[in-house]
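Reading the structure
Residues per chain are reported as follows:
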Amino acid sequence: QVQLVESGGGLVQAGGSLRLSCAASGLTFSSYAMGWFRQAPGKERELVAAISWSGGTTYYLDSVKGRLTISRDNAKNTVYLQMNSLKPEDTAVYYCAADRSYSTSKRYYYWGQGTQVTVSS
């Protein structure tokens, strides 16, 4: 079955960096668009970044542009989220997701379990 396993979350001070990874298995990774979502306590889940199957098209939430970078390595079946200049408002559970179609909506078919990112002020 399809599995998406996130890693790399943790506690970091404001201004610091983290790199999230999402390892995929059970699907033809290079045929899937990938997204990183986040959900903070009491808030709706939101799409932070997305990348097409080839990596040629990307999307970023306005509030993370210039600080977060999504990338993928199709040979390793892995998608990454490099997070720099982190702010307390970036604190959330981060989820990766996969879908056959590139989308900037919430309609992704497969989801990981999430990894906690906490940014202290």
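Model, not experiment: these values are computed from the prediction. (Residues numbered from 1 in each chain as written. Predicted model: local features only at pLDDT ≥ 70, side-chain atom pairs only at ≥ 80, totals over all residues. Heavy atoms only, no water.)

What to know about the state of the cysteines
On inspection of all chains with the given rule, the structure shows 1 disulfide. Note on cysteine connectivity: Cys 22 is disulfide-linked to Cys 96, with sulfurs 1.9 Å apart. Between Cys 22 and Cys 96, the disulfide has an S-S torsion of 40 degrees and is therefore right-handed. Linking Cys 22 in strand E3 (residues 18-25) with Cys 96 in strand E9 (residues 92-99), this pair joins segments that are 74 residues apart in sequence. Of the two residues, Cys 22 and Cys 96, neither departs from the other in class, the shared state being buried. (Disulfide = S-S within 2.5 Å. Helix = DSSP H or I, 4+ residues; strand = E, 2+ residues; numbered from the N terminus. Buried < 20%, exposed > 50% of the residue type's maximum accessible area, 1.4 Å probe, protein only.)

Details of the pairing of strand E4 (residues 33-39)
Here is the key point about a regular strand: its side chains alternate between the two faces of the sheet. In terms of burial, E4 is largely enclosed, as 6 of its 7 residues are buried. When E4 meets E9, the two strands line up antiparallel, connected through 7 bridges. Along E9, the bridge assignment pairs Arg 38 with Tyr 94. As judged from the 5 bridges shared by E4 and strand E5 (residues 46-51), these two strands associate in the antiparallel manner. For Trp 36, the partnering residue across the bridge sits in E5 and is Ala 49. (Pairing = 2+ DSSP bridges.)

Examining the layout of surface pockets
Of the volumes computed, that of the largest pocket is approximately 160 Å³. Considering the residues around the largest pocket, the lining is formed by Arg 38, Gln 39, Ala 40, Lys 43, Glu 44, Glu 46, Pro 88, Glu 89, Asp 90, Thr 91 and Ala 92. By residue class, the composition of the lining of the largest pocket is 3 nonpolar, 2 polar and 6 charged. (1 Å grid on protein atoms, 1.4 Å probe; cavity = no way out; pocket = protein on both sides within 12 Å on 5 of 7 lines; lining within 4 Å. Points joined across faces, edges and corners; volume = space filled by probe spheres on them. Nonpolar A, V, L, I, M, F, W, Y, C, P; charged D, E, K, R; others polar.)

Section: the nonpolar core
Counting residues in hydrophobic clusters, the biggest one holds 29 residues, and the most contacted among them are Met 34, Trp 36, Ile 70, Val 79, Leu 81, Met 83 and Tyr 94. Counting only elements with at least two residues in this core, the list comes to E3, E4, E5, strand E7 (68-73), strand E8 (78-83), E9 and strand E11 (115-120). Ile 70 has contacts with Met 34, Trp 36, Ala 49, Ala 50, Ile 51, Thr 58, Tyr 60, Val 79, Tyr 80 and Leu 81, leaving out every residue within four places of it along the chain. Judged by nonpolar contacts, the second largest core, of 6 residues, contains Phe 37, Leu 47, Tyr 95 and Ala 97. (Core = buried A, V, L, I, M, F, W, Y, C linked by side-chain atoms within 4.5 Å. Contact = heavy atoms within 4.5 Å.)

Some details on the pairing of strand E1 (residues 3-7)
Only one face of E1 is buried: it carries Leu 4 and Glu 6, and the other face, with Gln 3, Val 5 and Ser 7, is open. In terms of strand pairing, E1 meets E3 through 5 bridges, oriented antiparallel. Within E3, the residue paired with Ser 7 across the bridge is Ser 21.

Let's talk about the sheet that holds E3
The 4 strands lie next to each other as E1-E3-E8-E7, forming an open sheet whose pairing is antiparallel. Either end of the sheet is taken by a strand with one partner, and the two such strands are E1 and E7. With strand direction ignored, the average angle separating the axes of adjacent strands in the sheet is 15 degrees. In this sheet, E8 lies alongside E7 in antiparallel orientation, the contact comprising 6 bridges. Among the inter-strand pairings, Asp 73 is bridged to a residue of E8, identified as Thr 78. (Axes fitted to C-alpha atoms, helices over the stretch in contact; angles between N-to-C directions.)

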